[in-house]
Amino acid sequence: MAGGDRGTRTEEGVLLPPGQHLVRGWPVSHYGPVPRFRPERWDLRITGATADGDEHRWNLEELSLLPHTTVVADLHCATGPTSTGHEWFGVPARLMLELVPPAARVTQVMAWAEYGYGANLRLCDLTSRRSLLATHHQGDPLTAEHGAPLRLVVPHLYGYKGPKWLRSLEYLTEDRRGFWEERGYHRIGDVWREQRYSHQEEPDGNP
Ligand SMILES: Nc1nc2c(c(=O)[nH]1)N[C@H]1C(S)=C(S)[C@@H](COP(=O)(O)O)O[C@H]1N2
Ligand SMILES: [Mo]
C-alpha cells in the first residue's frame, strides 16, 4: 500500500490519506485574489544560498526547453477535501535543484508565489521523484485560478505546500515558516503521517 499502513480505500478504489474525504471535480481553493499573468515580466528565480552564490532566472520559453515529465497524483487540502486523478505535466523539481545546487548549509527551501504567499519545504520533499513544477493539467495549460503559468506540485504533502503562481525558490540556511505554516499548519505537512497542524510538530523534527 502506498505511503505505509495509513489511509482508507474508498468504494471507487481511491486510497485516501487519514482524515481526508473525496470530492468530485476540482475545487478552486486559495487565499486572496488570482494574480494577472504578465508574460513579458514573468520569470522563475532561484535565489538565496545557491552553491555558486548567484541568482538564476528562466523565462517561460527557457523553462519550456527543459526536460518535462508527467505525474498523476491526488490533491489533498489540509482542511479535508481530496480531489483525484490530476495529470500534471512540467519540469521535475529535482532537476531545478540539480541545475542550481544549493550551498551545503541549506536546510530548506521557501517556494514563493505572487503576492508573498510562501511555503517552506525540506530539500528531500523537493527532490522527491514526483515533485514537479507544473505548467499543464490533463494536457492543457493551467488555468489562472489553478495557478497559471506555473505551480509547484508535491503529491505527498498537503495542498498548501504547493504554491500556485510560483515565482521563486529561495534556498534557506535557517528555519522559516511559510504563509499557512505561520497560521497553525504543520511545517512538514506529510499527508500520510497526517501532519496537519503545527501543534503536532515534534521539537526534534527536521527542519
Ligand atoms: N499562491 C497560492 N497557492 C496556493 C494557495 C494559496 O492560497 N496561494 N493555497 C494552497 C492550498 S491550501 C491548496 S489546497 C491548493 C488548492 O489548489 P486548487 O485550487 O488548484 O485546488 O493550492 C495551494 N496553493
Ligand atoms: Mo488547502
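That block above? That's the structure.
Everything quoted here is computed from the prediction, not taken from an experiment.

**Quick look at the nonpolar core**
Of all hydrophobic cores here, the largest spans 27 residues; its most connected members are Leu-44, Leu-63 and Met-96. Secondary structure elements with two or more residues in this core: strand S4 (44-48), helix H2 (93-99), strand S8 (108-113) and strand S13 (166-172). At four residues, H2 tops the list of elements feeding residues into this core. Dropping the residues within four chain positions of it, Met-96 is found in contact with Leu-44, Ile-46, Trp-58, Leu-63, Leu-66, Val-91, Leu-133 and Tyr-171.

**Description of the pattern of salt bridges**
For the structure shown, the criterion picks out 17 salt bridges. Among the ionic pairs, Asp-43 bridges to Arg-57, the shortest N-O distance being 3.7 Å. Taken together, the positions of Asp-43 in the loop between strand S3 (21-22) and S4 and Arg-57 in strand S5 (residues 56-58) put the pair 14 residues apart, joining distant regions of the chain. Residue class for Asp-43 comes out buried when judged on its relative accessible area of 9%. Of the residues examined, Arg-57 reaches a relative accessible area of 48% and is grouped as partly exposed. Residues Arg-196 and Glu-194 are paired through a salt bridge, measuring 3.0 Å at the closest nitrogen-oxygen approach.

Quick notes on the rules
- Residues numbered from 1 in each chain as written.
- Chains lettered and ligands numbered in written order.
- Predicted model: local features only at pLDDT ≥ 70, side-chain atom pairs only at ≥ 80, totals over all residues.
- Heavy atoms only, no water.
- Core = buried A, V, L, I, M, F, W, Y, C linked by side-chain atoms within 4.5 Å.
- Buried < 20%, exposed > 50% of the residue type's maximum accessible area, 1.4 Å probe, protein only.
- Helix = DSSP H or I, 4+ residues; strand = E, 2+ residues; numbered from the N terminus.
- Contact = heavy atoms within 4.5 Å.
- Salt bridge = Lys/Arg side-chain N within 4 Å of Asp/Glu carboxyl O.

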